[in-house]
Amino acid sequence: MRFAWIVAAGLAGALPAGTAAAAQPCAEAIAALDARLDEAAEAAISASSGGQGVAGAREGQALDAERRGVPVGEPAVPYQRDAKETQAVKEAAKADAGGDAVMQARAALNRARSLDRNGDAGCRAAVAEAEALLAKR
Amino acid sequence: MRGIANVSRRGFLAGTGVFVLAAGLPAGAFAQQEKEKKFGGEAMPNGLRDDPALFVAIAEDGTVTVTCHRQEMGQGVRTSIAMVVADELEAAWDRVRVVQAPGDEERYGNQDTDGSRSLRHHYMPMRRVGAAARTMLEQAAAKQWGVPVAEVRAQDHRVVHQASGRALGYGELARAASALPVPDRAAVRLKDPKDFRYIGKETVGLVDNAGITTGKATYGIDVRLDGMLYAVVARPPVYGGKVRRFDAAAAMKVPGVVKVLAIDPPAGPTEFEPLGGVAVVARNSWAAIKGRDALQIEWDDGPNAGYSSAAYRAALTEAARKPGKVVREQGDVAGAMAKAAKKVEAEYYIPHLAQAPMEPPAAVVRIAGGKAEAWACTQAPQVTRLRLAKKLGLTPEQVRVNVTLLGGGFGRKSKPDYVLEAGILSKAMDGAPVKVFWTREDDLRHGYYHTVSLQRLEAGLDAHGRPVAWLHRTVAPTIGSIFAPDPKHQLPFELGMGVTNAPVAVPNYRAENPEAPAHVRIGWYRSVSNIPHAFAIQSFIAELAHAAGRDPKDYLLEVIGPPRRMDPSELGDLWNHGEDPERYVIDTGRLRKVVETAAQGIGWGRKLPKGSGLGIAAHYSFVSYVAVAAEVVVGEGGRLSIPRVDIAVDCGPRVNPERVRSQMEGAVIMGAGHALSAQVTFDKGRAQQDNFDSYVLARMDTAPREIRVHQIAWDDQTMPLGGVGEPGLPPVIPAITNAVFAATGKRIRQLPIGDQLAV
């Protein structure tokens, strides 16, 4: 985690804390997955690109290939020469279609965090769901 | 050809006495270094360039020519890029001219002008360009005088040796400087920002002002070549349709019509391909239009013939009332919702919109000697070049794309389908120059429409009225539908426009994305998905404030929460506008500041007469922070007017404050049109609006009478730059509709307001 939520005292109670669960096994699993998610998130952001045109084309094609369970083909739109753009779309796919599964995994992991904070045994299942989503990449 | 000057095909060296600085060096020698993970401009196709040889030439008379590789569509980028180069170069502004680069990203770096990132990505490279050129001029002067370079300094278009009082003008030094090697980046000294003469100041006007205001500027639709033919296309009235059969006999009888031919529809996802149809080529534009009118065409409407906005809205609503793909989650929404003292829910509908640039799409292509040349008002000359080459069976090197001024773009002109149409028709006419022009009706009936969406929000409030649980379901057909067959979910970059990165201090938060198929061409539109997301979230916060009996501005600040810096990827945003999440964090302190500034500007809390109201909204997008406070008056018969809007923007360090102000003013006027009257609806797959009488934008009598722009000034030049072109728009609409509620008690949950206020 690169940036903690820097929360003023007035709202500290209203925002995620989680320190009580730090010693619990599920918390360890969450922490381990958290680091992997950070890395995957950066890779996804990097592979997508900041222009909405390029991002749309790369994410759209990568997600479609993932959805249909087929390798990424030639890029639909040559934002650069075919070989380079094909590689870029493949990288977007490798980085999980612009982060689609990472995004869902982050949500699942946050759910695990919440369950863990409440001492709910469902934490493990939520971590497993996040791991499975991350493994889809 | 008039007006906008393009870089010569043969380069600057073709001219007499004009020197490209270190033109002999390989292009890209000064390019960005490779990194394992790239963000921002470095991650864009073909990355960034900062080689002065590519962007600066100095003539013997001292004229400095700056090549602008970004496209001008009213945002002032040709001025702003030149300002940055000229400032670092210590050039006198009245001796600077700007020429437009053709589409050639391998030479100039990324040119796709979208995403509010021309200066965000190219500010530092352009500073280095100017500084490197200045350094070379200083070195040339020092060498000529035989003094250490440390003793000379560039000042106002000349280099001076203060100890001796000698001075040489840039024109006198250009030849010698051009023979020097480009200095290493590490050896280039950037100016101290306190010495800026143009950057961050309002000391220069637009370079294109004179041409635009005298009618001499060249837009895509203005291009005329000898022997040029004119063409319009009858496109399938329903997306995905095709020509079953057509009869051209009557069209061919129209004087001036020379050919009628079919254009094939795309075989797969439409991406940037022409929609197909029947083209009429004529000797003048009127004949082409009349010939098209005379065509007899039988259409096969295809799979979207049943698309109706009313039915689709019902389908979106049904989808929004069921769980969808979870795209962001914090805490335990269900648990917190169950314990909430009060629950509030609302659904917001945002219709399709059309970019409707004042200049509809237009392009000219001619083919000769195995080469094609295009003139086009395009935001994306490189993709145009590559796509046109492929369409014509040429190599990219055999295609040149000249960029004209754009009479507005708003994302429409990032898609070069109209240039491809011109290429197809030129080829069919044995290479003759053919101008394809879209009429207003063409543009509105066959657009890349802004998505339609249903946004459902639910919240649980505690006993103090504070939100403790938040559920947001966003349902909208995705832009990905033009690139892949039948996707059902929004893409991460669309969700990263206000949902997965929404900076709200609610402990239990869940965002879902149910399915929504696309039935029209969906494209990006200024601000893209931030428009529906900001409208829904900012309207809902105002609704919660009302439910809690609180002041909307105070409540908005409470929902934003205390000042803190958040990693967007930790929230669930896997796009972050392509920027490094460690450098571009979400800073709620800056968001709060623009809210407070806009509120103070409009005099939040002041007493207003009956029928008047104030509304406020804020939104973070394109890594900038904007808040809008609007005052509305709802008069007799529900007639709505907007006496005043205060808009506050924090885009980090400002390069061209005059352009920041104009972009915010433009966003307010555009947003007013969206709030009040603009929408594209469909029946039987056909767009129901086809000109400005039915697609109604803000007009003189409905535009805000006074717009006050408040720019948050930062002295810290190490702060990353934010976007300016797009982030102004999203909060405008909810600020207006929230003001309507304050004035009337009527909550606006569907856009446009239209006749909802009529009594």
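## What to know about the overall build of chain B
- For chain B, the helix and strand inventory stands at 21 helices and 29 strands.
- Reported as C-alpha extents along the three principal axes, the dimensions of chain B are approximately 80 × 75 × 50 Å.
- Out of the 759 residues in chain B, the part that is buried amounts to 60%.
- Long-range pairs, those at least 24 residues apart, make up 80% of the contacts in chain B with a sequence separation of at least 6.

## Let's talk about the overall build of chain A
- From N to C terminus, chain A includes 5 helices and 0 strands.
- The linear arrangement of helices and strands in chain A, starting from the amino end, is α-α-α-α-α.
- Residues counted as buried form 54% of the 137 residues belonging to chain A.
- Counted over contacts in chain A with a minimum sequence separation of 6, partners at least 24 positions apart contribute 65%.

## Regarding the pairing of strand β3 (residues 64-68) of chain B
Residues and elements named next belong to chain B.
- With 5 of 5 residues buried, β3 lies mostly within the body of the structure.
- Side chains V64, V66 and C68 project from β3 onto one buried face, and the interleaved T65 and T67 project onto a second face that is buried too.
- Pairing analysis gives 3 bridges linking strand β2 (residues 56-59) to β3, with the strands arranged antiparallel. Residue pairing across strands places I58 opposite V64, the latter belonging to β3.
- Of the strand pairs in this sheet, β3 and strand β4 (residues 96-100) are connected by 5 bridges, and their pairing is parallel. Counted as the bridge partner of C68 is Q100 from β4.

## Some details on the interface of chain B and chain A
- Each side of the interface is counted separately: chain B has 62 residues, and chain A has 51 residues.
- Elements that contribute at least two residues to the side of chain B that touches chain A include exactly α1 (40-43), β13 (325-330), α12 (381-392), α15 (492-495), β22 (565-566) and α18 (568-571) of chain B.
- Per-element accounting of the side of chain B that touches chain A gives the leading share, 6 residues, to β13(B).
- Split by residue class, the side of chain B that touches chain A holds 29 nonpolar, 14 polar and 19 charged.

## Considering the sheet that holds strand β26 (residues 640-650) of chain B
Residue and element names in this part refer to chain B.
- Across the sheet, 4 strands lie side by side as β24-β25-β26-β29; this open sheet has mixed pairing. With one partner strand each, in any of the chains shown, β24 (612-621) and β29 (706-711) form the two edges of the open sheet. Shown here is a sheet whose adjacent strand axes are inclined to one another by a mean of 15°, direction ignored.
- Note: β26 against β29, 6 bridges, orientation parallel. Note on β29: the bridge partner recorded for R644 is E706.

## Considerations on helix α6 (residues 170-178) of chain B
- Those residues of α6(B) that fall on the buried side of the exposure criterion are Y170(B), E172(B), L173(B), A174(B), A177(B) and S178(B).
- As for α6(B), its buried residues are in contact with β1 (18-20), β2, β3, α5 (118-145), β6 (158-161) and β7 (166-169) of chain B.

## Side note on the environment of E131(A)
All names here are of chain A.
- By the element assignment, E131 lies in helix α5 (residues 122-135).
- Take E131: there are 17 C-beta atoms within 10 Å of it, and that puts it in the partly exposed class.
- Separated by 90 residues in the primary sequence, E131 and A41 have C-alpha atoms spaced 14 Å apart.

## Notes on the packing of helix α2 (residues 52-68) of chain A against helix α3 (residues 82-94) of chain A
All names here are of chain A.
- Taken N-terminus to C-terminus, the directions of α2 and α3 make an angle of 60°; their axes are 9 Å apart at the nearest point. In terms of orientation, α2 and α3 fall into the oblique class. In the packing of α2 onto α3, the handedness of the crossing is right-handed. Residues R58, E59, Q61, A62, A65 and E66 of α2 pack against A88, V89, A92 and A93 of α3.

## Quick look at the domain arrangement of chain B
Residues and elements named next belong to chain B.
- Looking at the assigned domains, one finds that chain B contains domain 1 (12-213), domain 2 (222-302 + 361-437) and domain 3 (309-353 + 448-744).
- With 13 residues of domain 2 at the contact, the number on the domain 3 side is 14 residues.
- Within the side of domain 2 that touches domain 3, the residues separate by chemical class into 5 nonpolar, 4 polar and 4 charged.

## Considerations on the packing of α5(B) against α6(B)
Residue and element names in this part refer to chain B.
- Running from N to C, α5 and α6 cross one another at 90°; their axes reach a closest spacing of 9 Å. Comparing the axis directions of α5 and α6 gives the class roughly perpendicular. Note on element contacts: α6 touches α5 through Y170, L173, A176 and A177, opposite M136, L137, A140, A141 and Q144.
- A class-by-class count of the residues in the contact of α5 with α6 yields 8 nonpolar, 1 polar and no charged.

## Focus: the environment of P416(B)
Residues and elements named next belong to chain B.
- Along the chain, P416 turns up in the loop between β17 (399-403) and α13 (417-428).
- A tally of 32 C-beta atoms within 10 Å means that P416 is categorised as buried.
- In this structure P416 touches F272, T378, A380, V383, T384 and R387, once residues within four positions along its chain are discounted.

## Let's talk about the nonpolar core
- Counting residues in hydrophobic clusters, the biggest one holds 227 residues, and the most contacted among them are V66(B), V85(B), A598(B), V628(B), I647(B) and I736(B).
- Core analysis: the next-biggest nonpolar cluster, separate from the first, contains 49 residues, V257(B), L405(B), Y418(B) and V434(B) among them.

## Here we look at the confidence of the model for chain B
Residues and elements named next belong to chain B.
- Residues with a pLDDT of 70 or more make up 96% of chain B, whose mean pLDDT is 94.
- Considering only residues more than four positions removed or in separate chains, one finds that residues 8-16, a stretch of pLDDT under 50, has 8 contacts.
- Within the model, the stretch residues 22-35 combines pLDDT values under 50 with 31 contacts to residues more than four positions away or in other chains.
- Of the two predicted TM-score estimates for the complex, the pTM is 0.93 and the ipTM is 0.84.

## Digging into the confidence of the model for chain A
- When pLDDT is averaged along chain A, the result is 77; 80% of the residues meet or exceed 70.
- Across residues 1-23 of chain A, confidence stays below pLDDT 50; counting only partners more than four residues off in sequence or on other chains, it has 40 contacts.

## Details of the sheet that holds β3(B)
All names here are of chain B.
- Reading across from one edge, β1-β2-β3-β4 is the order of the 4 strands in this open sheet, with mixed pairing throughout. Every interior strand has two partners, whereas the edge strands, β1 and β4, have only one. When strand polarity is set aside, the average angle formed by the axes of neighbouring strands in this sheet is 25°.
- Docked against the sheet, helix α3 (residues 77-89) engages β2, β3 and β4, running at close to 135° with respect to β3.
- Across the face of the sheet, α6 comes into contact with β1, β2 and β3 while running at roughly 125° to β2.

## Points about the pairing of strand β20 (residues 467-475) of chain B
Residue and element names in this part refer to chain B.
- Counting buried positions along β20 gives 8 out of 9 residues, so the element sits mostly inside the fold.
- Linking strand β19 (residues 453-461) back to β20 in an antiparallel pair, the connection comprises 5 residues, with G465 at a positive phi of about 85°.
- One ladder, built from 5 bridges, connects β20 with strand β21 (residues 508-513); its direction is parallel. Considered in β21, the bridge of W470 is made with Y509.

## Brief notes about unusual backbone geometry
Residues and elements named next belong to chain B.
- In the segment running from L751 into P752, the intervening peptide bond is cis, with an omega of -5°.
- Positionally, P752 belongs in the segment after α21 (732-744).
- Unusually for a residue other than glycine, D486 sits at a positive phi of about 60°.
- Tracing the sequence through the fold places D486 in the loop between β20 and α15.
- The residue K684 is not glycine, and still its phi comes out positive at about 55°.
- In this fold, K684 is placed in the loop between β27 (682-683) and β28 (686-687).
- For K684, a count of 13 C-beta atoms within 10 Å gives the class partly exposed.

The rules we used
- Residues numbered from 1 in each chain as written.
- Chains lettered and ligands numbered in written order.
- Predicted model: local features only at pLDDT ≥ 70, side-chain atom pairs only at ≥ 80, totals over all residues.
- Helix = DSSP H or I, 4+ residues; strand = E, 2+ residues; numbered from the N terminus.
- Buried ≥ 20, exposed ≤ 12 C-beta atoms within 10 Å, placed from the backbone.
- Contact = placed C-beta atoms within 7 Å.
- Pairing = 2+ DSSP bridges.
- Nonpolar A, V, L, I, M, F, W, Y, C, P; charged D, E, K, R; others polar.
- Axes fitted to C-alpha atoms, helices over the stretch in contact; angles between N-to-C directions.
- Parallel < 35°, antiparallel > 145°, perpendicular 65-115°, else oblique.
- Left-handed = near helix turned anticlockwise from the far one by under 90°.
- Domains from an automatic or database assignment.
- Core = buried A, V, L, I, M, F, W, Y, C linked by C-beta atoms within 7 Å.
- pLDDT = per-residue confidence, 0-100.

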